[in-house]
Amino acid sequence: MLILGIESSCDDAAAAIIETTRPGVAAIRSSTVANQDDIHRAYGGIVPELASRNHVVTLLPVIERALGAAGCALGDVGGIAVTRGPGLVGSLLVGLMCAKGLAQATGLPIVGVNHLEGHLLAPMLEHELAMPYLALVVSGGHTALFVVEDFGRYRRLGSTRDDAAGEAFDKVAKLMGLGYPGGKIIDDLSHNGNPRRVKIPRARVKGAPFDFSFSGVKTAVAMFLASEAGVAASREDLAASFQEAVVEMLIRPTIAAARELNVDTIVLTGGVAANSRLRARLADAAGADGRRLVAPSLKYCTDNAAMIALAGSYRLLRGESDPLTIDASANLPL
Ligand code: KG4
Ligand code: ZN
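Residues numbered from 1 in each chain as written. Chains lettered and ligands numbered in written order. Predicted model: local features only at pLDDT ≥ 70, side-chain atom pairs only at ≥ 80, totals over all residues. Heavy atoms only, no water.

## A word on the sheet that holds strand S4 (residues 79-85)
Filter applied, for reference: Two strands pair if DSSP finds at least two bridges between them. Only DSSP runs of H or I covering at least 4 residues are called helices, and only runs of E covering at least 2 are called strands; the numbering of each starts at the N terminus. Here an angle of 0 to 180 degrees is reported between the N-to-C directions of two axes, which are lines fitted to C-alpha atoms, with helices fitted over the stretch in contact.
In spatial order, the strands read S3-S2-S1-S4-S5; together these five strands make up an open sheet with mixed pairing. Two strands bound the open sheet, and with one partner strand each, they are strand S3 (25-34) and strand S5 (110-114). The mean inter-strand angle of the sheet, taken between neighbouring strand axes irrespective of direction, is 25°. Here S4 runs beside S5; their pairing, made up of five bridges, is parallel.

## Focus on the pattern of salt bridges
Our working rule: Salt-bridge detection follows one rule: a side-chain nitrogen of Lys or Arg within 4 Å of a carboxyl oxygen of Asp or Glu. Each residue is placed in one exposure class: buried if its accessible area under a 1.4 Å probe, protein chains only, is under 20% of its type's maximum, exposed if it is over 50%, and partly exposed if it falls in between.
A full pass over the atoms with the stated rule returns 22 salt bridges. Glu248 serves as the salt-bridge partner of Arg281, at 2.9 Å between the closest nitrogen and oxygen. Of this pair, Arg281 sits in helix H10 (residues 276-288) while Glu248 sits in helix H9 (residues 235-261), placing them 33 residues apart in sequence. The exposure class of Arg281 is partly exposed, given its relative accessible area of 26%. Where salt bridges share partners, they join Arg196, Arg202, Glu244, Glu248, Arg277 and Arg281 into one cluster.

## Regarding the site of ligand 1
Spelled out, the test is: Distances are taken per atom, and a residue is near a molecule or strand as soon as one of its heavy atoms is within 4 Å of it. N or O atoms within 3.5 Å of each other form a polar contact, as long as, within protein, one can give a hydrogen and the other can take it, and as long as residues adjacent in sequence are counted only when both atoms are side-chain atoms. To measure how exposed things are, a 1.4 Å probe is used in the Shrake-Rupley method; for residues, cover is taken only from the protein chains shown.
The full set close to ligand 1 counts 17 residues, and Gly140, Asp170, Asp187, Gly271 and Asn275 are the nearest of them. Here a nitrogen atom of ligand 1 sits 2.9 Å away from a polar atom, N or O, in the side chain of Asp187. Between ligand 1 and the protein, one listed contact pairs an oxygen atom with a backbone N or O atom of Gly271 at 3.0 Å. Within the complex, the protein chains bury 87% of what would otherwise be the 550 Å² of accessible surface of ligand 1. Elements supplying a minimum of two residues to the shell around ligand 1: helix H5 (165-175) and helix H6 (182-190).

## Points about the sheet that holds strand S8 (residues 153-159)
Sheets are built from strands that pair by backbone hydrogen bonding, the pairs being arranged parallel or antiparallel. What the five strands build is an open sheet, ordered S8-S7-S6-S9-S10; its pairing is mixed. Edge positions in the sheet fall to S8 and strand S10 (292-294), since each has one partner strand and no second. Across the sheet, the mean angle from the axis of one strand to that of its neighbour is 25°, orientation sign disregarded. Examined bridge by bridge, strand S6 (residues 133-138) and strand S7 (residues 143-150) share six bridges and lie antiparallel to one another.

## Concerning the packing of aromatic side chains
By convention here, two paired aromatic rings are described through the distance between centres and the angle between planes. Basically, it comes down to this: Between 30 and 60 degrees the pair is tilted, below 30 it is stacked and above 60 it is edge-to-face, where a pair is any two Phe, Tyr or Trp rings, Trp via its six-membered ring, whose centres lie within 6.5 Å.
The tally for this structure, following the rule as stated, stands at three aromatic pairs. Residues Phe151 and Tyr314 carry aromatic rings whose centres are separated by 5.4 Å and whose planes lie at 35° to one another, so their mutual orientation is tilted. Remark: Tyr314 occurs in helix H12 (residues 306-317) and Phe151 occurs in the loop between S7 and S8; sequence separation between them is 163 residues. Seen in terms of ring centroids, Phe169 and Phe242 are 5.2 Å apart; in terms of plane orientation they differ by 75°. Their pairing is edge-to-face. One end of the pair, Phe169, is in helix H5; the other, Phe242, is in helix H9, with 73 residues separating them in the sequence. The class of Phe242 is buried, set by a relative accessible area of 0%.

## Regarding the coordination of the zinc ion (ligand 2)
Quick note on the threshold: Distances decide who is a donor: an N, O or S atom must be within 2.8 Å of the metal, or within 3.2 Å for Na, K and Ca. Water is not included, so sites may look incomplete.
Coordination of the zinc ion (ligand 2) by the protein involves His115 (NE2), His119 (NE2) and Asp303 (OD), with metal-donor separations of 2.1 to 2.2 Å. Counting the intervening residues between successive donors of the zinc ion (ligand 2) yields the motif H-x3-H-x183-D. Separated by 188 residues along the polypeptide, His115 in helix H4 (residues 115-121) and Asp303 in the loop between helix H11 (298-301) and H12 bring together distant segments of the chain. Taken individually, His115 and Asp303 each receive the classification buried, so the pair is uniform in this respect.

## A word on the layout of surface pockets
Under the convention used in this document: Only protein atoms enter the 1 Å grid used here. Points where a 1.4 Å probe fits but cannot escape make up a cavity, open sets with protein on both sides within 12 Å along at least five of seven lines make up a pocket, and a residue lines them when an atom lies within 4 Å of a point. Grid points are joined across faces, edges and corners, and a volume is the space filled by probe spheres set on the points. Under the grouping applied here, Gly and all other residues not named as nonpolar or charged are polar, the nonpolar ones being Ala, Val, Leu, Ile, Met, Phe, Trp, Tyr, Cys and Pro and the charged ones Asp, Glu, Lys and Arg.
If you add up the space inside the largest pocket, you get close to 1400 Å³. Taken together, 47 residues line the largest pocket, and the ones lying closest to its centre are Ser139, Gly140, Gly141, Asp170 and Gly271. Going through the elements one at a time, S3, H4, H5, H6 and H11 are the ones with two or more residues in the lining of the largest pocket. Broken down by class, the residue content of the lining of the largest pocket amounts to 15 nonpolar, 19 polar and 13 charged.

## Looking at helix H3 (residues 89-106)
Stated formally: Here, expected helix span is obtained from the residue count minus one, scaled by 1.5 Å. Residues count as neighbours in contact if any of their non-hydrogen atoms are within 4.5 Å of one another.
Taking 1.5 Å per residue as the helical rise, H3 with its 18 residues ought to reach 26 Å, and the 25 Å between its terminal C-alpha atoms agrees with that figure. Residues of H3 that are buried: Ser91, Leu92, Val94, Gly95, Leu96, Cys98, Ala99, Lys100, Leu102 and Ala103. On its buried side, H3 packs onto strand S1 (2-7), helix H2 (48-70), S4 and S5. Once H3 ends, the next one or two residues include Gly107, with phi positive near 80°.

Dropping the structure here:
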């Protein structure tokens, strides 16, 4: 079965075609993304109104590109999977309305997908994975630990109490005057910095070993920048010290959860999974503990529609679909 995936929950408009006959086993025929970083850069963050207006312009061409790259037409597709939440409601609505319009015109079945479910299952696009596995989802909007027990069965172990890790990267980059999006800039600068030079406290959430908190790290950087030492410090050392703190605050609860659940496989996914230090240190920590780390290629870590197609596929393969009355939900729970 060929499945068209559509994703527009935030600032990326994405479409993909996957081919699948069995849940969790899929060949990616195409995956296209229209990125809006150039539009939002001037504002230092995503402007929701601009994101949805641009999706209106780019989404149909992105879908056409995905079909073209897969060498197929809409008539060859067996079903449509579209993100219905969580995310920016205006952005979500553009993708959902587009998918509903296509379903109405063609009679194809449609399923609404939770964006987080897409991230959780994304590693299956490239790896064979046995469930249950532990997944650390780290992006600009989410930081959470889940156990993936089965298709459609996900247990949240913990989440961030304040900022998402990617949000902390972006906010600290803004404080340092580095530009947007800040994660990659901080990652690149850190290669030439000393992660022990600036003291950044590591936060823990009392009584909640699998929860995260990043607002304190952000404040520590702001206070350091306002101090005499901050004026003299190198950007590389500060970037590396901040990054090290975030990486360690992500790793400790993850390894603790893997031990408590005794799972063999830890999955790292979401935009911050692109961070070179996080990948390296989490792989080491997992390996030292006798577990393996699986992380998707960067293009499937960040927002993409192949993961949405995969997350919708097990329902479409069972012959299930959603009514055309489904709505977008900014806070859709998983
Ligand atoms: O998953 P994603 O593409 O979008 C959502 O937030 O859903 O993630 C984007 C986030 C941004 O906050 C960005 O700064 C961060 O991922 N990011 C990184 C790196 N590359 C992207 N953070 C740290 N290191 C990186 N190399
Ligand atoms: Zn995402």
